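# Architecture and fold: a report
One letter stands for each residue in the lines below.
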Amino acid sequence: MNVPDDLKYAQTHEWIRAEGDIGIVGVTDHAQEELSDVVFVELPEVGKVVAAGETAAVVESVKAASDIYSPVSGEIVEVNAALQNDPGLINTSPFESGWIFKLKISDPSQLEALKSPEAYREQIS
Amino acid sequence: MPNRTPLYDCHIAAGGRVIDFAGWEMPVQYTGILDEHRAVREAVGMFDISHMGEFLVRGATGEAWLEGLLTNRVAKLSPGEAQYTLMLNERGGVIDDLIIYRLGPDEFLLVVNAAKIDEDAAWLQKHLVDGVEFRNVSAEFSAVAVQGPKARDVYASVFGTELPPERNRVLSVSFQGSSGYVVTTGYTGEDGFEIIVPNAAAAVLWNALLAAGVKPCGLGARDTLRLEMGYPLNGSDLSPDRTPLEAGLGFFVDLEKGDFIGREVLAGQKAQGVPARLAGIVVTEKSPPLRSHYPVFVDGAQVSETTSGALSPSLGYGIAMAYLPSGFAKPGQPVEIEVRGKRYSGSVAKKPFYKKS
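For the structure given in this document, a descriptive report is provided here. (Residues numbered from 1 in each chain as written. Chains lettered and ligands numbered in written order. Predicted model: local features only at pLDDT ≥ 70, side-chain atom pairs only at ≥ 80, totals over all residues. Heavy atoms only, no water.)

### Describing the interface of chain A and chain B
- Of the residues lining the interface, 16 residues belong to chain A; the matching set on chain B comes to 17 residues.
- Of the roughly 1,400 Å² buried between chain A and chain B on both sides combined, carbon and sulfur atoms contribute 52%.
- Counting across the interface, chain A meets chain B through three salt bridges.
- The residue Arg340 of chain B makes a salt bridge to Glu42 of chain A at a minimum N-O spacing of 3.0 Å.
- At the junction of chain A with chain B, the criterion picks out 13 residue pairs in polar contact (both at pLDDT 80 or more).
- Residue assignment for the side of chain A that touches chain B shows that the elements contributing at least two residues are α1 (29-35), β4 (38-42) and β6 (55-61) of chain A. (Contact = heavy atoms within 4.5 Å. Buried area = accessible area lost by both parts, 1.4 Å probe. Salt bridge = Lys/Arg side-chain N within 4 Å of Asp/Glu carboxyl O. Polar contact = N/O pair within 3.5 Å; in protein donor to acceptor, adjacent residues only side chain to side chain. Helix = DSSP H or I, 4+ residues; strand = E, 2+ residues; numbered from the N terminus.)

As structure tokens, this is what we get:
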């Protein structure tokens, strides 16, 4: 199972890549495998303010709809529009072209509370 | 403690992802629902349906007894033939939908839904009459459904003989020294067959089918396949509060055959019209997958909720079923379906949603 070393992880299987005060968020390889065939992604609206742990998007497989929680608080600044026509990117490229949204992080200290790659690997093993 | 079918280890070995279904640990998928759905539409797949119930009915008055408990006319069946039928409560509501197979002049096999085995058996026991032998043999038998355009080739290669060309047939077969039944029925809209064997023969059968190239398929694909055909699922689309006429199953109800439990209510509905009908709905704009219990609107007012729904893998758009007031249950009627607070345009559509080209 792929767990990249340069990311932080949430208990609820989201990852975040911090670039300055911008965080890029998606779901992990483990999560996409559990979800299996993703057929629809409901993206947040740009400008929406979300709190850490709040639902920011919904990913639907054939069988079920799953909430995607924002790992940290912030304002949504960009969403991955490519997922609207190709939701399967979440399955094929969960850490790259399958990213879901970017947000302006309001409290960088929240990143410290997230899991390290080692801790997340432990969680899913 | 959930039940496991005799094929549980086979599912794990094939990479099956197991979920609870009506108290049974069943595979929801192996490689993926879309992949398995496609295999059944284009080639051949198999489903463990051992959790379903099997009842045997014997006796010279067995036919007459069953006529009084089921909606379709049992007398139409010659030995070796089967029909879809329903068992109703006194209010005309559906207890269960099932398939009845006539094994001989005085011998019948009933295959019922897993979730309803106990309730069905109790109902039949309660109405049992002298001279009829009723046996619930659900715990003794396993079953595998083999479905898809290549199912016939698989049958010929595994059993060394041709499958009967007609649907709704039952024949006794011998497999690995055990006697069982092969039936030409299914729940996918594809050609195919189902094999019912004693538990001890189940794994050998599964592995023989696997070796013949049949793809294991889970409950997820079973659900999308049946929904594309507009086949109802009891507990979702059928209920004790809805009659088969409301469910659009009038073809399987014979009001002329004599009395049966629930008949009076159905005859009244036939004369006066049904208040609601189970309608097919398609969305006509891009939408999330439809699921059960989504609100349905006509002209801005909520009129119902969906009983089943999916993003149809074969068609690529959302399909659903809902009981709509009869005036709205006509093909072409515009509706809206609400998903997480957003409404999506759709319209009532004829079933089946999916037609073989």
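### Overview of the packing of aromatic side chains
- For the coordinates displayed, the defined rule picks out nine aromatic pairs over all chains.
- Centroid distance Tyr9 of chain A to Tyr120 of chain A: 4.8 Å. Interplanar angle 5°. Geometry classified as stacked. Linking Tyr9 of chain A in strand β1 (residues 8-9) with Tyr120 of chain A in helix α4 (residues 117-124), this pair joins segments that are 111 residues apart in sequence. Of the two residues, Tyr9 of chain A and Tyr120 of chain A, neither departs from the other in class, the shared state being buried.
- Measuring from ring centre to ring centre gives 4.6 Å for Tyr155 of chain B and Phe159 of chain B, while their planes differ by 25°; the resulting arrangement is stacked. In this pair, Tyr155 of chain B and Phe159 of chain B both sit in helix α5 (residues 151-159), four residues apart, roughly one turn of the helix. Of the two residues, Tyr155 of chain B and Phe159 of chain B, both sit in the buried class.
- Ring-pair connections join several aromatic residues into one group, and the members of that group are Tyr155, Phe159, Phe175 and Phe193 of chain B.
- Directly above the aromatic system of Phe297 of chain B lies the positively charged group of Arg343 of chain B, at a separation of 3.6 Å from the ring centroid. (Phe/Tyr/Trp six-rings, centres within 6.5 Å; stacked < 30°, edge-to-face > 60°. Buried < 20%, exposed > 50% of the residue type's maximum accessible area, 1.4 Å probe, protein only. Lys NZ or Arg CZ within 6 Å of the ring centre and 35° of its normal.)

### Thoughts on the nonpolar core
- Counting 48 residues, the largest nonpolar core has Phe47, Leu86, Tyr101, Leu109, Ile196, Leu238 and Leu266 of chain B as the members making the most contacts within it.
- Ranked by residues supplied to this core, first place goes to strand β5 (residues 82-88) of chain B with four residues.
- Setting aside residues no more than four positions away along its own chain, Tyr101 of chain B makes contact with Glu81, Ala82, Glu107, Phe108, Leu109, Val111, Val170, Val183, Thr185 and Glu194 of chain B.
- Membership of the second largest hydrophobic core comes to 26 residues, among which are Ile76, Leu83, Leu103 and Ile105 of chain A. (Core = buried A, V, L, I, M, F, W, Y, C linked by side-chain atoms within 4.5 Å.)

### Quick word on the pattern of salt bridges
- A full pass over the atoms with the stated rule returns 28 salt bridges over all chains.
- Sharing partners across several salt bridges, the network here consists of Glu42 and Glu60 of chain A together with Arg291 and Arg340 of chain B.

### As for helix α7 (residues 219-228) of chain B
All names here are of chain B.
- Counting buried positions along α7 yields 10 of 10 residues, so the element is predominantly enclosed.
- The set of residues buried in α7 consists of Leu219, Gly220, Ala221, Arg222, Asp223, Thr224, Leu225, Arg226, Leu227 and Glu228.
- Looking at the residues trailing α7, positive phi occurs at Gly230, about 75°.

### A short note on the sheet that holds β6 of chain A
All names here are of chain A.
- Strand order across the open sheet formed by three strands is β4-β6-β7, with antiparallel pairing between neighbours. Among the strands making up the open sheet, the edge pair consists of β4 and β7 (65-69). Averaged over all neighbouring strand pairs, the angle between strand axes comes to 25°, with direction disregarded.
- Taken together, the four bridges between β4 and β6 define a ladder with antiparallel strand orientation. Note on β6: the bridge partner recorded for Val41 is Val59. (Pairing = 2+ DSSP bridges. Axes fitted to C-alpha atoms, helices over the stretch in contact; angles between N-to-C directions.)

### Comments concerning the packing of helix α2 (residues 33-42) of chain B against α7 of chain B
Residues and elements named next belong to chain B.
- Following both chains from N to C, one finds α2 and α7 inclined at 55°, their axes separated by 8 Å at the closest point. Comparing their axes, α7 and α2 come out oblique. Here the hand of the crossing between α2 and α7 comes out right-handed. Where α2 abuts α7, its residues Ile33, Glu36, His37, Val40 and Arg41 lie against Gly220, Ala221, Thr224, Leu225 and Glu228.
- When the residues that make up the contact of α2 with α7 are grouped by side-chain class, the tally is four nonpolar, three polar and three charged. (Parallel < 35°, antiparallel > 145°, perpendicular 65-115°, else oblique. Left-handed = near helix turned anticlockwise from the far one by under 90°. Nonpolar A, V, L, I, M, F, W, Y, C, P; charged D, E, K, R; others polar.)

### Things to note about the pairing of β7 of chain A
Residue and element names in this part refer to chain A.
- Pairing geometry for β6 and β7, over five bridges, is antiparallel. Each bridged residue has a counterpart across the sheet, and for Val58 the counterpart in β7 is Asp67.
- From the end of β6 to the start of β7, which pair antiparallel, there are three residues.

### Describing the environment of Leu109 of chain B
Residues and elements named next belong to chain B.
- Along the polypeptide, Leu109 turns up in strand β7 (residues 107-112).
- Accessibility expressed as a relative area gives 1% for Leu109, which makes it buried.
- Along the chain, Leu109 and Val183 lie 74 residues apart, while their C-alpha atoms are 11 Å from each other.
- Setting aside residues up to four positions removed in sequence, Leu109 forms contacts with Glu54, Phe55, Leu56, Ile99, Ile100, Tyr101, Leu103, Tyr181 and Ile196.

### Section: the sheet that holds strand β9 (residues 141-147) of chain B
Residues and elements named next belong to chain B.
- Pairing is mixed across the open sheet formed by six strands, whose spatial order is β10-β11-β12-β9-β3-β13. Strand pairing shows two members of the sheet lacking a second neighbour, β10 (170-175) and β13 (215-216), which therefore form its edges.
- Direction of pairing for strand β3 (residues 45-48) relative to β9: antiparallel, over a ladder of four bridges. Paired with Phe47 across the two strands is Ala145, which belongs to β9.
- Its contacts with the sheet put α5 on β9, β10, β11 (178-183) and β12 (192-198), and the angle it makes with β12 is roughly 35°.

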